[in-house]
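# Observations on the three-dimensional arrangement
If you want the building blocks of each chain, they are given just below.
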Amino acid sequence: MSDVIYVLDSAVFIKNATSWFNDKLCVTSYLVYEELLSPQARMEFERMQLQNMNLYVPSNKFRKEVEAKVKGLKLSKTDVELLAIGYELFKKGKKVVIVTDDYWIQNAARMLGIGYKGVERGEIFKTLRWKKICESCKHEQQEGEKCYKCGSKIVWVPVL
Ligand SMILES: [Zn+2]
């Protein structure tokens, strides 16, 4: 077994890509299991859990740290959980690769200094450029959490 720890997103189970990970050290979150709707995907999850995949719960310290760093990015609770798992293991000196097809998670991983890998879309090769805009009127601004023009929330968006 290699010493890399793979943090698996739901895409691995949904896209039936588990065989590639059979001889690798894997972790994931129970929240991922809850997102799997197909019986086939759930079976794959359960099978891997009996073999080489552990459920991991990040400590609050790392979860909070990640939440603060990725604030404004379009990430679900499960996404943040996976990032917190990766971040904690990374901070504890492990080699970590987050496996996901979600470009938002890939970008967040890159921002946090964690490795990532795509399942079928392939990984992104450079960080997208980001800008801050108002969620409501799209006014672009660098400072502050609220829009100077309309008072709505300021969020990060990729420059495509
Ligand atoms: Zn605005």
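My aim in this report is to walk through the structure given alongside it, one point at a time. (Residues numbered from 1 in each chain as written. Predicted model: local features only at pLDDT ≥ 70, side-chain atom pairs only at ≥ 80, totals over all residues.)

### Describing the overall build of the protein chain
Regarding its fold elements, the protein chain presents six helices and seven strands. Reading the secondary structure of the protein chain in the N-to-C direction produces β-α-β-α-α-β-α-α-β-α-β-β-β. Relative to the 2.2 N^0.38 estimate, which gives 15 Å for 160 residues, the radius of gyration of the protein chain is 17 Å and therefore close to what a compact globule would have. When the backbone C-alpha atoms are referred to their principal axes, the protein chain occupies close to 55 × 35 × 30 Å. (Helix = DSSP H or I, 4+ residues; strand = E, 2+ residues; numbered from the N terminus. Rg over C-alpha atoms; globule rule 2.2 N^0.38 Å.)

### Considering the pairing of strand S2 (residues 25–28)
Bridge count for strand S1 (residues 4–8) against S2 is three bridges, and the pairing is parallel. The residue bridging Val-7 from the neighbouring strand is Val-27, located in S2. Across three bridges, the pairing between S2 and strand S3 (residues 53–55) is parallel. Considered in S3, the bridge of Cys-26 is made with Met-53. (Pairing = 2+ DSSP bridges.)

### Things to note about the environment of Cys-137
Along the chain, Cys-137 turns up in the loop between strand S6 (129–134) and strand S7 (154–159). The class for Cys-137 is exposed, based on 11 C-beta atoms found within 10 Å. Sequence separation between Cys-137 and Val-157 is 20 residues, and the spatial gap between their C-alpha atoms is 14 Å. (Buried ≥ 20, exposed ≤ 12 C-beta atoms within 10 Å, placed from the backbone.)

### So, the pairing of S1
Most of S1 is tucked away, with four of its five residues classed as buried. Relative to strand S4 (residues 95–99), S1 runs parallel, the two being bridged by five bridges. Across the sheet, Val-7 pairs through a bridge with Ile-98, a residue of S4.

### Observations regarding the sheet that holds S3
Spatially, the five strands line up as an open sheet ordered S3-S2-S1-S4-S5, and their pairing is parallel. Unpaired on one side and paired on the other, S3 and strand S5 (115–117) mark the two borders of the sheet. Taking the axes of each pair of neighbouring strands and ignoring which way they run, one obtains an average angle of 30 degrees across the sheet. Packing of helix H5 (residues 77–91) onto the sheet brings it into contact with S1, S2 and S4, and relative to S4 it is tilted by some 165 degrees. (Axes fitted to C-alpha atoms, helices over the stretch in contact; angles between N-to-C directions. Contact = placed C-beta atoms within 7 Å.)

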